[in-house]
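# Chains, contacts and geometry: an overview
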Amino acid sequence: MTTTATGPACALPATETAAGGEELWERAWAARRALGPRAVILGHHYQRDEVIAFADVTGDSYLLARRGAAATEAELIVFLGVYFMAEAADVLKQPHQRVVLPDLGAGCHLAETADIYTVRDAWDQMAAALPGRKVIPLTYMNSGADLKAFVGAHGGAVCTSGNAQKAFEWALSEGDAIFFFPDEHLGRNTACRLGMDPSDPLVWNPRIAELGGLTGDALSEAEIVLWKGFCNVHTAFNVRQIEEHRAADPGVRVIVHPECPRPVVEAADEDGSTEYIIRRCEELPAGSSAVIGTDWNLVNRLRLRHPDKRISCLKEDICPCVTMNRIDLPKLTWCLESLAAGDVVNVVEVDEEMRRQGRLALDRMLALG
Ligand code: 13P
Ligand code: SF4
């Protein structure tokens, strides 16, 4: 956690833990109505059905960053998502606003694969090994506010799965090479979109102390260096699952998220952000079938939303993203009732200096469109 936050991570009063779903549902809606326009609720597509129903705006991480920053006068931004998204909303918010996350323990496995100390050390080693080469740091939205600030302070930008290609093109026009963290797979898939070979990007392994396991010679030629980090949900998908689905249904459309490993993206028909996946499912003609390689909550919602199409998850027995799932109806009820009673709980607040530098990196991303 890179920012200050007040309130319990998830400890709930007995009234929420003991109450049944229907009672909580009514209490949460009553609190939501009482808050009125003082609050806006933003929800990521991986959230549980029982909480996403409360979202005024749903989106992928790019859209939510934009909408969080956009013209809402609400003084409270309740974020149904994970910690790094709430931090980004806090960096982009207006001065009178506060960002609230119903469970402060809602982190991200991928974001945790890179920390500021190890990234700073890698950056310093790279600078020493590559005198005269201008390296542009790019961080995926799925990273701590301190890493966004680091990137902002070093002339780089943030990107999301929806605009990674634009961000990579921008970075290559600004410098000689890109250092991208923390998702190796999104990085490689984006490099391939730029026409590179999957083996072209170098991989910096933070567990190897010296030059991340690379050589100075290799680094001096590299255009893209990727941090060896991954999402535990999207790396559960593999090519065999795609082959099995195609064998059972040769006409099936396979759509995956670009956090999946390169062989999975190559075996699929298309890949894109969660917003892209939703749009593609809408565009598919009635009667068609699709298997989706991303979080189960989203895929299940798509299945229910399109009863005229056969939509399933690439791995039906996958565990949904456990950190996204931490926000549930009892926690949301507690949070909304506290806010309605004037007790602003679970505030996510980025340190001022970090906010200023992180804002540079986020603004560069938003300027890419
Ligand atoms: P999107 O920006 O595509 O919604 O992805 C966020 C995420 O965490 C995917 O695992
Ligand atoms: Fe993080 Fe993966 Fe969950 Fe997305 S699905 S929030 S990358 S752990």
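See above for the structure.
Reading the values: rules and limits
Residues numbered from 1 in each chain as written. Chains lettered and ligands numbered in written order. Predicted model: local features only at pLDDT ≥ 70, side-chain atom pairs only at ≥ 80, totals over all residues. Heavy atoms only, no water. Near = heavy atom within 4 Å. Nonpolar A, V, L, I, M, F, W, Y, C, P; charged D, E, K, R; others polar. Polar contact = N/O pair within 3.5 Å; in protein donor to acceptor, adjacent residues only side chain to side chain. Areas by Shrake-Rupley, 256 points an atom, 1.4 Å probe, with all protein chains shown as cover. Salt bridge = Lys/Arg side-chain N within 4 Å of Asp/Glu carboxyl O. Helix = DSSP H or I, 4+ residues; strand = E, 2+ residues; numbered from the N terminus. Buried < 20%, exposed > 50% of the residue type's maximum accessible area, 1.4 Å probe, protein only. Pairing = 2+ DSSP bridges. Contact = heavy atoms within 4.5 Å. Axes fitted to C-alpha atoms, helices over the stretch in contact; angles between N-to-C directions. Disulfide = S-S within 2.5 Å.

### Re the site of ligand 2
Ligand 2 sits among Y46, C108, H109, L110, N142, C231, N232, V233, H234, E259, C321 and M324. Here the residues of the shell around ligand 2 are counted per class, giving seven nonpolar, four polar and one charged.

### Here we look at the site of ligand 1
Residues in contact with ligand 1, as listed here, are H44, Y46, D60, S61, N142, S161, H234, H257, E259, S273 and T274. Here an oxygen atom of ligand 1 and a side-chain polar atom of N142 are 3.1 Å apart. Residue S161 places a side-chain N or O atom 2.7 Å away from an oxygen atom belonging to ligand 1. For ligand 1, whose free accessible area comes to 300 Å², the fraction covered by protein is 96%.

### Section: the pattern of salt bridges
Considering all chains together, one arrives at 26 salt bridges under this definition. Where D271 meets R193, a salt bridge forms, and the shortest distance between an N and an O atom there is 3.3 Å. Linking D271 in strand β12 (residues 270-271) with R193 in helix α9 (residues 184-193), this pair joins segments that are 78 residues apart in sequence. According to the relative accessible area criterion, R193 is partly exposed, its value standing at 47%. Residues R355 and E352 are paired through a salt bridge, measuring 3.0 Å at the closest nitrogen-oxygen approach. With R355 and E352 both in helix α16 (residues 352-368), this residue pair falls three residues apart, about one helical turn. Looking at R355, the relative accessible area reads 12%, which means it is buried. What makes E352 exposed here is its relative accessible area of 54%. What you see here is one network of salt bridges that share partners, running through R253, E270, R279, R280 and E283.

### Examining the sheet that holds strand β11 (residues 253-256)
Strand order in the open sheet formed by four strands is β12-β11-β13-β14, with parallel pairing between adjacent strands. The open sheet has two edge strands, β12 and β14 (310-313), and neither has a second partner. Here β11 pairs with strand β13 (residues 289-293) via four bridges, running parallel. Residue pairing in the sheet places V254 in a bridge with V291 of β13. Each of β13 and β14 touches helix α14 (residues 296-305); the most contacted strand, β14, lies at about 170 degrees to it.

### Considerations on the state of the cysteines
In total, this model carries zero disulfides according to the counting rule given. Looking at C281, it has no disulfide partner, and the nearest cysteine sulfur is the one in C313, 11 Å off. You can call C281 buried: its relative accessible area is 0%. As a non-bridged cysteine, C313 has C260 as the owner of its nearest cysteine sulfur, 9.7 Å distant.

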